[in-house]
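Architecture at a glance
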Amino acid sequence: MVLNIMNKNQFSFWIVLSLLLACPNLSLCKEKECCSSLLLESDEGVHKQHGDRLGFYTQLGYYGARPAYRQQGGHFFLFYHEDEQHWIDSHYFYGASLFSKLVNEMDGYCLDDHNNWSFYNGSVLTYSEMLTSKCSKIEDVCCQEIKLSSSNSEVKTGNHSFYGEEPKESLGDYKAIGMNNGRYIYQKKNHDKFLEYGDRYWLVNPGVGKTSGHIHHPRGSVCPEHIEKEWQISDKNENGMWVWKDDPELKITCVKQMNDMRPQKTSPVAQPYIQIEPVEEASSISAGAVVFGCLSMLLLSMMIIFFARRFYRAWGKGVHGKQLLFETMDME
């Protein structure tokens, strides 16, 4: 038996019906969308060796038929290496695999599809479940305004203060002014003091890019306020040489986060309108479901009417049994 297509209208009807059945949820038929901004993060062990390669990345075009990324305010790239069929980092450009230190052993279209990261430990690649890449923006994770403080700043032993003049002046309130190496750069209000992430360490210095300062952390995190211990301050030893001295009481706390909508204890101020994306997305999905439901009902009604008319005409001709079914379905 051969299906006989009677006319163009009937042909178009079946095509539309087939498309809707193949893709009832129109949102799933779109090309897969990957993160435009992501966070590459790990524990202190990886930070100590490759912290300069971690941090926040944003999409910069495509490479290897997949989205590719560049570190925000940094010099590293993340891309899919077609020959080796995995994701890698590079200090040079897309396609350069020389001196790559981070590898995600998976060939998914999006970098955040699956975390199977390994890092180079000096001799071989070592798998780390703590090394992850995920969709995230820095303003949703790190504080824009922070406070550096320590209860040791007022401690004295005889005539000697625990804090020298420069480390003490480095404490206070800081505000994000830009990005470097995938992290915020902070500046102390009304001072030439900066907190930035350099070559695998956080440092308070007197100028962006300088490698000497008075507050320091040897490993760090993507956000300085997430570090709970091992901060150090500058101090002079008995020989008058500058050395780093541990301050277990030094803490960095969040003063203000961009997306923090909690009520403030200050005087009331007008707040800007913020559109909450998840609500908008849910509304969009709900509207799409309603439209699809209406179209489905309409097509079902058209099918019932179409075949009912054919059945009625065949019945009127005195057709019965299997022949009635063939006439109704236009099969011969």
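Residues numbered from 1 in each chain as written. Predicted model: local features only at pLDDT ≥ 70, side-chain atom pairs only at ≥ 80, totals over all residues. Heavy atoms only, no water.

Counting across every chain of the model gives four disulfides. Between the sulfur atoms of Cys35 and its disulfide mate Cys135 the distance is 1.4 Å. Placement of the pair is Cys35 in the loop between helix H1 (8–22) and strand E1 (37–41) and Cys135 in strand E9 (residues 132–135), with a sequence separation of 100 residues. Look at Cys35 and you get buried, because its relative accessible area is 7%. (Disulfide = S-S within 2.5 Å. Helix = DSSP H or I, 4+ residues; strand = E, 2+ residues; numbered from the N terminus. Buried < 20%, exposed > 50% of the residue type's maximum accessible area, 1.4 Å probe, protein only.)

Another point: the packing of aromatic side chains. Scanning all chains against the criterion turns up eight aromatic pairs. On the numbers, 5.5 Å between centres and 80 degrees between planes, the contact of Tyr63 with Phe79 is edge-to-face. Of this pair, Tyr63 sits in strand E2 (residues 55–63) while Phe79 sits in strand E4 (residues 77–81), and the two are 16 residues apart along the sequence. Residue Phe79 is classed as buried on the basis of its relative accessible area, which comes to 0%. Between Tyr184 and Tyr186 the ring centres are 5.8 Å apart and the planes differ by 75 degrees, which places this aromatic pair in the edge-to-face class. In this structure, Tyr184 and Tyr186 share a single accessibility class: buried. (Phe/Tyr/Trp six-rings, centres within 6.5 Å; stacked < 30°, edge-to-face > 60°.)

Here we take up the sheet that holds strand E15 (residues 194–197). A sheet is described by the order of its strands in space; here nine strands give the open sequence E19-E18-E17-E16-E15-E14-E13-E10-E20, paired in antiparallel fashion. In the strand order of this sheet, the two ends are held by strand E19 (242–246) and strand E20 (251–256), each with one partner. Ignoring which end each strand starts from, the neighbouring axes of this sheet average 35 degrees apart. Bridge count for strand E10 (residues 145–149) against strand E13 (residues 172–180) is four bridges, and the pairing is antiparallel. The partner of Lys147 across the bridge, within E13, is Asp173. (Pairing = 2+ DSSP bridges. Axes fitted to C-alpha atoms, helices over the stretch in contact; angles between N-to-C directions.)

Under the definition given, this model contains ten salt bridges. Among the salt bridges present, the one from Arg219 reaches Glu44, with a minimum N-O distance of 3.6 Å. Of this pair, Arg219 sits in the loop between strand E17 (215–217) and strand E18 (232–236) while Glu44 sits in helix H2 (residues 44–50), placing them 175 residues apart in sequence. By relative accessible area, which is 16% here, Arg219 ends up buried. We note a salt bridge from Lys251 to Glu249, for which the minimum N-O separation is 3.9 Å. Relative accessible area serves as the criterion here: at 33%, Glu249 is assigned to the partly exposed category. A single salt-bridge network, built from bridges that share partners, covers Glu44, Arg219 and Glu230. (Salt bridge = Lys/Arg side-chain N within 4 Å of Asp/Glu carboxyl O.)

Counting 25 residues, the largest nonpolar core has Cys142, Ile146, Leu148, Tyr186, Leu195 and Ile215 as the members making the most contacts within it. Elements with a contribution of two residues or more to this core: E10, E13, strand E14 (183–188), E15 and strand E16 (202–205). Beyond its immediate stretch of four places on either side in the chain, Leu195 contacts Ile146, Leu148, Tyr174, Tyr184, Ile185, Tyr186, Trp202, Leu203, Val204, Pro224 and Ile252. Core analysis: the second largest hydrophobic core is formed by 19 residues, Cys34, Phe76, Leu102 and Met106 among them. (Core = buried A, V, L, I, M, F, W, Y, C linked by side-chain atoms within 4.5 Å. Contact = heavy atoms within 4.5 Å.)

Glycine aside, residues mostly have negative phi, and peptide bonds are mostly found in the trans state. Phi is positive for Asn190, which is not a glycine, with a value near 65 degrees. For Asn190, the position within the fold is in the loop between E14 and E15. Taking the relative accessible area as the measure of exposure, Asn190 reaches 80% and is therefore exposed. The phi angle at Arg200 is positive, at roughly 70 degrees, despite the residue not being glycine. In this fold, Arg200 is placed in the loop between E15 and E16.

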